[in-house]
Amino acid sequence: MKHFFVTPASPVHLIAAQVVVAAATALLSAIGVAFVSVVFLDYQMKGSWIVLIASYFFVMIAMYSLGLLIASLCKNIKIANLVCTVVYFPMLFLSGAVIPFELFPEGVQKVANVLPLTQGVKLLKSVSLDQPIGDPRFILFLLTVVTIIGFGLAVKLFRWE
């Protein structure tokens with residue numbers, strides 16, 4: 001990053017470029033998963049593909065904001081990888097993406113319900129199955145707050161070192 005310090009690029013431009021590249025990668029991955037699901041696993045979408053895609057991008061941006069916040073707080077990539085592992089793996093495990101959320105004990109569900117990835121998985125699941133998601137305002141509010149705080153703090157705390 002010290003090499004970028006001598007360029008006219010601002011932290012906002014660097015963060016935006018990183019998000020665009022990561023979003024393109026995530027989009028290609030999602031297209032691959034959707035293709036395999038539809039062609040080889042005979043997946044039948046019950047909800048709207050457009051709403052699913054919009055929800056996917058919304059959840060993705062919220063998660064990227066957390067990643068960029070972690071990256072802006074950590075001094076080097078080794079520490080950032082460690083912190084991301086400590087933050088993301090428990091969040092992934094508790095989100096319902098690995099083990100169905102409904103199988104967790106009630107206390108674990110209460111804790112997991114405040115995690116943004118849990119709400120994101122609930123949103124994606126409900127859209128793809130065309131089922132109600134509980135309180136959609138809470139999900140949208142939580143993901144929006146995470147996104148704004150994550151990106152805002154990432155830009156504010158970003159350092160060239």
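Everything numeric in this text was worked out from a predicted model, so none of it was measured.

A. Structural view of helix α4 (residues 77-94). Taking 1.5 Å per residue, 18 residues should reach 26 Å; α4 reaches 25 Å between its end C-alpha atoms and fits that length. Its buried side turned inward, α4 meets α3 (49-73), α5 (106-112) and α6 (116-129). Put simply, asparagine 76 is the residue that caps the front of α4, since its side-chain oxygen is 3.0 Å from the backbone nitrogen of lysine 78. Glycine 96 sits one or two residues past α4 and shows a positive phi near 95 degrees.

B. How the structure looks around the side chain of serine 72. Structurally, serine 72 is set in helix α3. One polar contact links the side chain of serine 72 to the main-chain carbonyl oxygen of leucine 69, over a distance of 2.8 Å.

C. Expanded view of a nonpolar patch on the surface. Among the surface-exposed residues, Phe35, Val36, Val38, Val39, Phe40, Leu41, Trp49 and Ile53 lie close enough to one another that they form a single nonpolar patch of about 800 Å² accessible area. Elements with a minimum of two residues in the nonpolar patch: α2 (11-40) and α3. At 5 residues, the largest contribution of residues to the nonpolar patch is made by α2. By secondary structure assignment, the location of phenylalanine 35 is in helix α2.

So, how was this worked out
- Residues numbered from 1 in each chain as written.
- Predicted model: local features only at pLDDT ≥ 70, side-chain atom pairs only at ≥ 80, totals over all residues.
- Heavy atoms only, no water.
- Helix = DSSP H or I, 4+ residues; strand = E, 2+ residues; numbered from the N terminus.
- Expected span 1.5 Å × (residues − 1).
- Contact = heavy atoms within 4.5 Å.
- Polar contact = N/O pair within 3.5 Å; in protein donor to acceptor, adjacent residues only side chain to side chain.
- Patch = residues over 30% accessible without salt bridge, like charges linked within 9 Å, V, L, I, M, F, W, Y side chains within 5 Å.
- Areas by Shrake-Rupley, 256 points an atom, 1.4 Å probe, with all protein chains shown as cover.
- Salt bridge = Lys/Arg side-chain N within 4 Å of Asp/Glu carboxyl O.

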